[in-house]
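Reading the structure
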There are 2 protein chains.
Amino acid sequence: MAILVTGGAGYIGSHTVAELLDRGEEVVVLDNLQTGHKAALLGGKLYEGDLRDKELLSRLFSENSIDAVIHFAANSLVGESMQNPGKYYDNNVFGTLSLLEAMKDAGVRRIVFSSTAATYGEPEKVPIEEGDRTEPTNVYGETKLMMERMMSWFDKVLGIKYVSLRYFNAAGAHESGKIGEDHRPESHLIPLVLQTALKQRSHIAVFGEDYATPDGTCVRDYIHVSDLADAHARAVNYLREGNESNVFNLGNGQGFSVKEVIETARKVTGLDIPVVTEPRRTGDPAVLVASSDKARSVLGWSPTRTRLEDIISGAWSWHQSHPQGYGDE
Amino acid sequence: MAILVTGGAGYIGSHTVAELLDRGEEVVVLDNLQTGHKAALLGGKLYEGDLRDKELLSRLFSENSIDAVIHFAANSLVGESMQNPGKYYDNNVFGTLSLLEAMKDAGVRRIVFSSTAATYGEPEKVPIEEGDRTEPTNVYGETKLMMERMMSWFDKVLGIKYVSLRYFNAAGAHESGKIGEDHRPESHLIPLVLQTALKQRSHIAVFGEDYATPDGTCVRDYIHVSDLADAHARAVNYLREGNESNVFNLGNGQGFSVKEVIETARKVTGLDIPVVTEPRRTGDPAVLVASSDKARSVLGWSPTRTRLEDIISGAWSWHQSHPQGYGDE
């Protein structure tokens, strides 16, 4: 039986495909390559196309024996979602509806969903637990929450079981050195910082130094992308064992501030990284740190690459060997 | 300036069109006539087509000077929504997305939304107030809640102001005798009871006699369709006055049980109405009664046709003069 990975050519998707291949799984990838890269696929069978293409989905499910889906495909830029909400509802929510309908038609009853900490919005407390209030502060988080809610109804009504994995800032690169982070446009802190070290950017912008945090900059839970990949593979097995639908946070267990990330990158690279302070961005909570206790106890998962210096070192190796990311691929 | 009424050929839509025409408003109707009836339109300019037809919407907004939209168009069968959730997400949520995108493109910044008490699910308390927990117990209610949330994001991001009207069981017929209730399939209690009186049905099914209510049958808040129409017209004016987005319950102020409705219909018609008791349906709360205090104080609205006997008498006149509803129209 094969696992379908939607958005499998993206950053977390491609690391998950690598993890599944390592585990001996058969992998089918659906990706429209709008933000993913063909070169990020270390294996698997690629279908190039859009989630909302019903005919393609029907063909994909009929040509492969798929018993589970891992669903990454989505737009994920917070800023863009606040400029163009319709794009996020259409691609993310409608894309998921199309996928769930195709799964229903094909009789596929397991889906692992790449959700986000942005479903919580401004947290009631940290570390955040799965039962905490979900009140997204941006459209991106709202659409991911709608996708979760839609899955819960497809479970109640049609018995499609889901695991939703809510996480935080994916970071780092694959230990093989072959795959890493290449978003266009890039909006993630660690690659932006390392591109600044490489002089591809003149400076790194820090949005707000007046948050209620130890050094005034936002604190986030950076989690190694290979630890995330491991969690997605475990979640598939959790569903294969016949368990009920569930929601898990995935986090590092500790937060790092924007300034700590920049300082650590300076140490790792030994290079100058100029900083410019900008005003706060709308919809950025001060601190986002997850409790992963539930994932640890139920999925037996724990992150193994938790030191910020190690995460940034791996990313730095990738950026040095791939200064243009995946290039044109 | 004209008001666009989506779903204007439906039951509540057509009564609202009649109310707007009485008030001297120019009315444009968009309806795909899947559940609406051309004969239910007492005026206005009809565009026959689907909300998700972007080209039609663009043409409609360019051919008319629309300053506000009243949005009824949706599938609204609770039972069907629990059989085929995808249809409800697609028609209701994506229909609304398509409408909001067209409004954005046309610069139309006011929408009055026909929401539902089903957004609350099993109420925490009765009467239900607008700030109470929203936890729908069926997909129909869930999609209406998603539509409300989507509107709140289109307000935050794009400044499209909305009024969401959450109501309960619309009932009765227009005092002109020209329009009334004709759903196919019919799923609403009062028309089903009156069709039974007309011997078009052998009996009326009562789903559950073991609820925690005075007579064991479900209690609902029946509200005259012309009172609802009045509230929609007031909500348009509320937005035209430049007010902020808001949510209002619309209710009769008192609940009536299924048995009370049947007894009153027997009295009004003087006819036999056989009853068969069936098991409870999934997702039916015991009591749904609204507090309309907020709509009364903010919109200056109050229902004027609140006696169950009067509501049923009006409906009975319509059913007697239109035993086949709108026929084939």
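Worth saying up front: this structure is predicted, and the values here are computed from it rather than measured.

So, about the sheet that holds strand β12 (residues 256-257) of chain B. Residues and elements named next belong to chain B. Taken in spatial order, the three strands line up as β12-β9-β14 in an open sheet, and their pairing is mixed. The outermost strands of the open sheet, each flanked by one partner alone, are β12 and β14 (287-288). Inspection of the sheet shows strand β9 (residues 219-220) paired to β12 by two bridges, in the antiparallel sense. Looking at β12, one finds that V219 is bridged to S257.

The next thing to look at is the relation of the copies chain A and chain B. Between the two copies of the chain lies a relationship made up of a rotation around an axis and a movement along it. Superposing chain A onto chain B requires a rotation of 180° together with a translation of 0.0 Å along the rotation axis, leaving an RMSD of 0.0 Å. The two molecules are tied by a two-fold rotation axis, judged by turn and shift. Most of the interface of chain A is mirrored in chain B, where 100% of its interface residues again form contacts.

Our focus in this paragraph is the interface of chain A and chain B. Taken together, the contact between chain A and chain B spans 25 residues of the former and 25 residues of the latter. Roughly 2,100 Å² of surface becomes buried between chain A and chain B when both sides are summed, with 71% attributable to carbon and sulfur atoms. By the criterion of area lost to chain B, the three top residues of chain A are Y89, R149 and W153 of chain A, representing 30% of everything that side buries. Summed over the shared surface of chain A and chain B, the number is two salt bridges. Between R149 of chain B and E142 of chain A there is a salt bridge whose closest N-O contact spans 2.8 Å. The interface formed by chain A and chain B includes four residue pairs in polar contact (both at pLDDT 80 or more).

Residue and element names in this part refer to chain B. The strand order across the open sheet formed by seven strands is β3-β2-β1-β4-β5-β6-β11, and the pairing between neighbours is parallel. Each end of this open sheet is capped by a strand with a single partner; those strands are β3 (45-48) and β11 (246-250). Mean inter-strand twist for the sheet, computed between neighbouring axes without regard to direction, equals 20°. Contacts from helix α2 (residues 54-63) reach β1 (2-6), β2 (26-31), β3 and β4 (66-71) within the one sheet, and its direction differs from that of β3 by about 165°. Its contacts with the sheet place helix α5 (residues 139-158) against β4, β5 (110-116) and β6 (161-167), and it is angled at close to 160° to β5.

This part covers helix α10 (residues 308-321) of chain B. All names here are of chain B. Its 14 residues give α10 an end-to-end C-alpha distance of 20 Å, which sits within 8% of 20 Å, the value for a rise of 1.5 Å per residue. Those residues of α10 lying buried are L308, I311, I312, A315, W316, W318 and H319. Buried positions in α10, seen along its axis, are confined to an arc of 165° and lie on one side of it. For α10, the elements touching its buried residues are β7 (169-171), α6 (189-197), β10 (222-224), β12 and α8 (258-269).

Another aspect to go through is helix α2 (residues 54-63) of chain A. Owing to its 3.6 residues per turn, the α-helix aligns residues three or four sequence positions apart on the same side. Residue and element names in this part refer to chain A. Turning to α2, its buried residues are L56, L57, L60 and F61. Around the axis of α2, the buried residues are gathered within 130° of arc, so they sit on the same side. Facing away from the buried side of α2 by more than 90 degrees, the exposed set consists of K54, E55 and S62. Its buried side turned inward, α2 meets β1 (2-6), β2 (26-31), β3 (45-48), β4 (66-71) and α4 (85-106).

Right, let's talk about the packing of α4 of chain A against helix α4 (residues 85-106) of chain B for a bit. For the pair α4 of chain A and α4 of chain B, the least separation of the axes is 11 Å and the interaxial angle reads 165°. The orientation of α4 of chain A relative to α4 of chain B falls into the category roughly antiparallel. In the packing of α4 of chain A onto α4 of chain B, the handedness of the crossing is left-handed. Facing G86, Y89, D90, V93, F94, L97 and E101 of chain A of α4 of chain A, the residues of α4 of chain B in contact are G86, Y89, D90, F94, L97 and E101 of chain B. For the contact of α4 of chain A with α4 of chain B, the residue count by class is seven nonpolar, two polar and four charged.

Quick look at the pattern of salt bridges now. Side chains that differ in charge, positive against negative, can pair when their charged atoms come close. Residues and elements named next belong to chain A. Counted according to the given criterion, the structure contains 54 salt bridges over all chains. Between D230 and R234 there is a salt bridge, with its nearest N and O atoms 3.1 Å apart. Taken together, the residues span about one helical turn, with D230 and R234 both in helix α7 (residues 225-240) at a distance of four residues. One network of salt bridges, in which partners are shared, links E19, R23, D230 and R234.

Reading guide: rules and limits
Residues numbered from 1 in each chain as written. Chains lettered and ligands numbered in written order. Predicted model: local features only at pLDDT ≥ 70, side-chain atom pairs only at ≥ 80, totals over all residues. Heavy atoms only, no water. Pairing = 2+ DSSP bridges. Helix = DSSP H or I, 4+ residues; strand = E, 2+ residues; numbered from the N terminus. Least-squares fit on C-alpha atoms with pLDDT ≥ 70 in both. Contact = heavy atoms within 4.5 Å. Buried area = accessible area lost by both parts, 1.4 Å probe. Salt bridge = Lys/Arg side-chain N within 4 Å of Asp/Glu carboxyl O. Polar contact = N/O pair within 3.5 Å; in protein donor to acceptor, adjacent residues only side chain to side chain. Axes fitted to C-alpha atoms, helices over the stretch in contact; angles between N-to-C directions. Expected span 1.5 Å × (residues − 1). Buried < 20%, exposed > 50% of the residue type's maximum accessible area, 1.4 Å probe, protein only. Arc of directions from axis to C-beta. Parallel < 35°, antiparallel > 145°, perpendicular 65-115°, else oblique. Left-handed = near helix turned anticlockwise from the far one by under 90°. Nonpolar A, V, L, I, M, F, W, Y, C, P; charged D, E, K, R; others polar.

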